[in-house]
Amino acid sequence: MPPSTDCNPKPEIVSSPAERLAAQLASILPEAAVVQVRLQDPRTLWPHLGLTVMNDRGRTLRVPRAKALTVARWIIRSFPQAGWAVSGGHTFDLRTAELRGLEA
């Protein structure tokens, strides 16, 4: 009897670094759809990171401070070319793995 392909589904293959990051963040922030990251004072030696996590309905989710700092650092280090010090921040969509600037 030939093996069925439906019995053992293959895990989705994630190809780009942004897609891998989105998959990792979705696992540690299960209800999150969008993550907003900003540097609150980029002129200082140790800038303060700001993180806002929202679900698909636009509601803000509470994230512990240590986890928020870790997630913000992962996103900033994954996209060094984004111009974090110059911009007002960026939004990382976990569903599409796209980074875009915060709309004012």
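Scroll up a little and you will see the structure.
In this report, the structure presented in the accompanying data block is examined. (Residues numbered from 1 in each chain as written. Predicted model: local features only at pLDDT ≥ 70, side-chain atom pairs only at ≥ 80, totals over all residues. Heavy atoms only, no water.)

## Some words on the overall build of the chain
Next, step 1: A tally of helices and strands in the chain yields two helices and five strands.
Next, step 2: The N-to-C order of helical and strand elements in the chain reads α-β-β-β-α-β-β.
Next, step 3: Within the chain, the fraction of its 104 residues that count as buried is 34%.
Next, step 4: Look at the contacts in the chain between residues 6 or more apart in sequence, and 47% of them connect residues 24 or more apart.
Next, step 5: By element, 54% of the accessible surface of the chain is carried by carbon and sulfur atoms, the whole surface being about 7600 Å². (Helix = DSSP H or I, 4+ residues; strand = E, 2+ residues; numbered from the N terminus. Buried < 20%, exposed > 50% of the residue type's maximum accessible area, 1.4 Å probe, protein only. Contact = heavy atoms within 4.5 Å. Areas by Shrake-Rupley, 256 points an atom, 1.4 Å probe, with all protein chains shown as cover.)

## Some thoughts on the side chain of Thr52
Next, step 1: Its location among the elements puts Thr52 in strand S2 (residues 49–54).
Next, step 2: For Thr52, the side chain forms a polar contact with the side chain of Arg38, separated by 3.4 Å.
Next, step 3: When near neighbours in sequence (up to four residues on either side) are disregarded, Thr52 contacts Val34, Val35, Gln36, Arg38 and Thr60. (Polar contact = N/O pair within 3.5 Å; in protein donor to acceptor, adjacent residues only side chain to side chain.)

## Digging into the sheet that holds strand S5 (residues 98–101)
Next, step 1: The antiparallel open sheet is built from five strands, whose spatial order is S3-S2-S1-S4-S5. The outermost strands of the open sheet, each flanked by one partner alone, are strand S3 (60–61) and S5.
Next, step 2: Across the sheet, helix H2 (residues 65–78) touches strand S1 (34–39), S2, strand S4 (90–93) and S5, and the angle it forms with S2 is around 100°. (Pairing = 2+ DSSP bridges. Axes fitted to C-alpha atoms, helices over the stretch in contact; angles between N-to-C directions.)

## A closer look at the side chain of Asp93
Next, step 1: In this fold, Asp93 is placed in strand S4.
Next, step 2: Non-local contacts of Asp93, meaning those with residues more than four positions away in its chain, are made with Ala33, Val34, Glu98 and Arg100.

## Quick notes on unusual backbone geometry
Next, step 1: We note that Ala97 has phi near 60°; this positive angle belongs to a residue other than glycine.
Next, step 2: Relative to the helices and strands, Ala97 is located in the loop between S4 and S5.
Next, step 3: What makes Ala97 buried here is its relative accessible area of 13%.

None of the figures reported here should be taken as evidence of function without further support.
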